[in-house]
Amino acid sequence: MLDRLAGNTALKQDLAAALAADRLAHSILLVGERGCGAGFAARCLAADYLYPGGGPHAEAVLRQEDTECITIRGEGASGQIKVERIRAAREEITHSALAEDARGRVMFVYGAQEMNQSSANALLKIIEEPPEGVLFLFTATSAAAVLPTIRSRCAAYTITPVPLAECAALLRRTLPGLSRDAADDLAFLYEGHIGLGLAACRQPQAKEALARARQFAGYAAGQDSYRAFALLTGLEKDRPAAAAMLEQLGFLGSAALRRPGYGGLESARAAVLLRAAGRARDALRANGNLRLTLAVLAAESCR
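Residues numbered from 1 in each chain as written. Predicted model: local features only at pLDDT ≥ 70, side-chain atom pairs only at ≥ 80, totals over all residues. Heavy atoms only, no water.

Draft legend 1. Molecular detail of the overall build of the protein chain. When its secondary structure is counted, the protein chain shows 14 helices and 5 strands. Computed over its C-alpha atoms, the radius of gyration of the protein chain comes to 21 Å, within 12% of the 19 Å expected for a compact globule of 303 residues. Along the three orthogonal principal directions, the C-alpha set of the protein chain runs to about 65 × 40 × 30 Å. Scored against the burial criterion, the 303 residues of the protein chain give a buried share of 48%. Within the protein chain, residue pairs in contact and separated by at least 24 positions form 69% of the contacts whose partners lie at least 6 positions apart. Split by element, the accessible area of the protein chain, about 14,600 Å² in all, is 51% carbon and sulfur. Within the protein chain, the 32 negative side-chain charges are centred at a point lying 7 Å from the centre of the 35 positive side-chain charges. (Helix = DSSP H or I, 4+ residues; strand = E, 2+ residues; numbered from the N terminus. Rg over C-alpha atoms; globule rule 2.2 N^0.38 Å. Buried < 20%, exposed > 50% of the residue type's maximum accessible area, 1.4 Å probe, protein only. Contact = heavy atoms within 4.5 Å. Areas by Shrake-Rupley, 256 points an atom, 1.4 Å probe, with all protein chains shown as cover. Lys, Arg positive; Asp, Glu negative; His and termini not counted. Charge placed at Lys NZ, Arg CZ, Asp CG, Glu CD.)

Written out as structure tokens, the structure reads:
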């Protein structure tokens, strides 16, 4: 299944060789920016580890449906991985029966940077003395953000974005209705991050956030503060939607710096937009007043 991961040739060769030689580390950390495919890479590796011959069970791993896989990820508004979830998973992986056709069992920890000291300590108890056949697969956006107690016990690999042409081609294969121009645009906008491109087409929130961000960027380019304010009023009671739009504004501003004129934004205006969006994201992370944050965003972007 590793061959389904786009790009990252050296990574795939190293992991495949380790699997073939039965010398894969029992704890693996896959590091990559959001949208690079670290989660998909983890599932591909898990499928090859559990079911070397492939088949329906291996496909189920990719769909996150296989019974031999235990998944841990952040919960709630904070996105933090709670110690209670770690303890429950630890009990499950220690005491549940193993299916006859599986080589072992896999515990996924998506977003390992969201573990606090308590949840990390709870996980260490099983990592340091793992049950036979258990593979621990961690993903993180940054190795440095993962607590040293976890990071030091993992073999770390980096997942990188793919070249733009390869990203666009994969988007078109995955989304047959996507035009060549649209695929090229998404590949450029997200700098080869396939997952972000797919999300912008498949996930309603991401699609809406991108459309709203493009519209807002157009108002910023024309310094039309009235329409910018009006657009943002629809987000005054929806913090997640506001955060999603701010993230898309960051992508648009960056794209315009790489290609002046993209989305109607020249370099100077793109820089203004990026600074304003960055300050707004900081305010939201600090739990600032959403209505005021959006008003300031509109004013600063169109100044």
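Draft legend 2. Highlighting the pattern of salt bridges. Under the defined criterion, the tally for this structure stands at 12 salt bridges. A salt bridge links E247 to R34, with the nearest nitrogen and oxygen atoms 2.3 Å apart. Residue E247 is located in helix α12 (residues 239-258), and its partner R34 is located in the loop between β1 (27-31) and α2 (38-50); the two are separated by 213 residues in the primary sequence. Of the residues examined, R34 reaches a relative accessible area of 48% and is grouped as partly exposed. Here R227 and D224 are joined by a salt bridge, their closest N and O atoms 2.9 Å apart. (Salt bridge = Lys/Arg side-chain N within 4 Å of Asp/Glu carboxyl O.)

Draft legend 3. Seen up close, the side chain of S301. Tracing the backbone through its elements, the reader meets S301 in helix α14 (residues 290-301). Those residues in contact with S301 that sit more than four places away from it in its chain are F216, A220, R269, V272, L273 and A276.

Draft legend 4. Expanded view of the sheet that holds strand β3 (residues 105-109). Read across the open sheet, the 5 strands follow the order β2-β3-β4-β1-β5; overall the sheet is parallel. The sheet is open, and its two borders are formed by β2 (69-72) and β5 (155-158), each paired with just one other strand. The mean angle between the axes of side-by-side strands here comes to 20°, regardless of whether they run parallel or antiparallel. In terms of strand pairing, β3 meets strand β4 (residues 134-140) through 5 bridges, oriented parallel. Bridge pairing in β4 links V109 to F138. (Pairing = 2+ DSSP bridges. Axes fitted to C-alpha atoms, helices over the stretch in contact; angles between N-to-C directions.)

Draft legend 5. Spotlight on the side chain of R212. Assignment of secondary structure puts R212 in helix α10 (residues 204-221). Once you skip the residues sitting within four places of it in the chain, R212 turns out to touch L231, L235 and M245.

Draft legend 6. Quick look at the packing of aromatic side chains. Scanning the model with the defined rule gives 3 aromatic pairs in all. Between Y190 and F251, the ring centres sit 5.0 Å apart and the planes meet at 85°, which makes this aromatic pair edge-to-face. Here the residue Y190 occupies a position in the loop between α8 (180-189) and α9 (194-202), and F251 occupies one in helix α12, the gap between them amounting to 61 residues. For Y190, a relative accessible area of 2% corresponds to the buried category. Taking NZ or CZ as reference, R258 lies 4.5 Å from the ring centre of F188, over its face. A cation sits over an aromatic face here: R259 above F188, 3.7 Å from the ring centre. (Phe/Tyr/Trp six-rings, centres within 6.5 Å; stacked < 30°, edge-to-face > 60°. Lys NZ or Arg CZ within 6 Å of the ring centre and 35° of its normal.)

Draft legend 7. Broad picture of unusual backbone geometry. Phi at D22 is positive, roughly 55°, even though this residue is not glycine. As for its position among the elements, D22 is in the loop between α1 (9-20) and β1. In the Ramachandran plot, Q223 falls in the positive-phi region, its phi being about 50° despite a non-glycine side chain. With respect to the secondary-structure elements, Q223 resides in the loop between α10 and α11 (225-232).

Draft legend 8. How the structure looks around the environment of R281. Tracing the chain through its elements places R281 in helix α13 (residues 267-285). Sequence-wise, R281 and L246 are 35 residues apart; in three dimensions their C-alpha atoms are separated by 6.7 Å. When near neighbours in sequence (up to four residues on either side) are disregarded, R281 contacts L246 and G250. A polar side-chain atom of R281 sits 3.2 Å from the main-chain carbonyl oxygen of L246. (Polar contact = N/O pair within 3.5 Å; in protein donor to acceptor, adjacent residues only side chain to side chain.)

Note that every value here comes from positions in space, so none of it alone points to a role or purpose.
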